[in-house]
Amino acid sequence: MIPITQASVSTGEELIKTGINIDKVRTQFGLTADEFKRVASVMLVGANKAKISLEDLGNSYDYVGSTAKAVNQSVETVTETGLKITRKGVKPIGSKKSIKENVFICMEQLLP
């Protein structure tokens, strides 16, 4: 099964929306079209482990994708880091706070 179809079937999300989300992440990380399958696989595993939709996972990359690319981090590393944060119990933060405030709140939640 091709990655986009597998991801769509596994998550129950629309095929076109799934493809758009995967391709958006691929583009954010500056990856070639040949790496679409890799991105799809990473996202599918990440979404399943985090128990979130591919769309939600794709949207989360909007906040970190270009920065991660700028500091040479792979889609695998970013996904695994996000899963570690989720496992630590970091709660979503309201949009009324600044990015700087959100970073400090996340850091506080991750400290032992």
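Located above this text is the structure these notes cover.
Residues numbered from 1 in each chain as written. Predicted model: local features only at pLDDT ≥ 70, side-chain atom pairs only at ≥ 80, totals over all residues. Heavy atoms only, no water.

Chemist: Mind showing me how you'd approach the packing of aromatic side chains here?
Modeler: How two aromatic rings sit relative to each other is set out by the distance from centre to centre and by the angle between their planes. Under the defined criterion, the tally for this structure stands at one aromatic pair. Here Phe 29 and Tyr 61 contribute two aromatic rings whose centre-to-centre distance is 5.9 Å and whose plane-to-plane angle is 80 degrees, an arrangement assigned as edge-to-face. Remark: Tyr 61 occurs in helix 4 (residues 54-70) and Phe 29 occurs in the loop between helix 2 (15-28) and helix 3 (36-50); sequence separation between them is 32 residues. (Phe/Tyr/Trp six-rings, centres within 6.5 Å; stacked < 30°, edge-to-face > 60°. Helix = DSSP H or I, 4+ residues; strand = E, 2+ residues; numbered from the N terminus.)

Chemist: Sorry, what's going on with the packing of helix 2 against helix 3 here?
Modeler: Taken N-terminus to C-terminus, the directions of helix 2 and helix 3 make an angle of 110 degrees; their axes are 9 Å apart at the nearest point. The angle between helix 2 and helix 3 falls in the class roughly perpendicular. Only Phe 36, Val 39, Ala 40 and Met 43 of helix 3 make contact with helix 2, whose side of the interface consists of Gly 19, Asn 21, Ile 22, Asp 23, Val 25 and Arg 26. In terms of residue class, the contact of helix 2 with helix 3 is made up of six nonpolar, two polar and two charged. (Axes fitted to C-alpha atoms, helices over the stretch in contact; angles between N-to-C directions. Parallel < 35°, antiparallel > 145°, perpendicular 65-115°, else oblique. Contact = heavy atoms within 4.5 Å. Nonpolar A, V, L, I, M, F, W, Y, C, P; charged D, E, K, R; others polar.)

Chemist: Explain helix 3 to me, please; I cannot follow it from the model alone.
Modeler: Every α-helix winds through 3.6 residues per turn, so residues three or four apart in the chain are directed the same way. With 15 residues, helix 3 extends 21 Å between its outermost C-alpha atoms, agreeing within 8% with the 21 Å of an ideal straight helix rising 1.5 Å per residue. Buried residues of helix 3: Phe 36, Val 39, Ala 40, Val 42, Met 43, Leu 44, Gly 46 and Ala 47, and no others. Once helix 3 ends, the next one or two residues include Lys 51, with phi positive near 60 degrees. (Expected span 1.5 Å × (residues − 1). Buried < 20%, exposed > 50% of the residue type's maximum accessible area, 1.4 Å probe, protein only.)

Chemist: Honestly, the pattern of salt bridges in this entry has me stumped. Any pointers?
Modeler: Side chains bearing opposite charge may pair, as long as their charged atoms lie close to each other. Counting across every chain of the model gives four salt bridges. For Arg 38, the salt bridge identified is with Glu 35, shortest N-O distance 2.8 Å. The exposure class of Glu 35 is partly exposed, given its relative accessible area of 24%. In this structure, Glu 76 and Arg 38 form a salt bridge, with 2.6 Å as the shortest nitrogen-oxygen distance. Residue Glu 76 is found in helix 5 (residues 75-87), and its partner Arg 38 is found in helix 3; the two are separated by 38 residues along the sequence. (Salt bridge = Lys/Arg side-chain N within 4 Å of Asp/Glu carboxyl O.)

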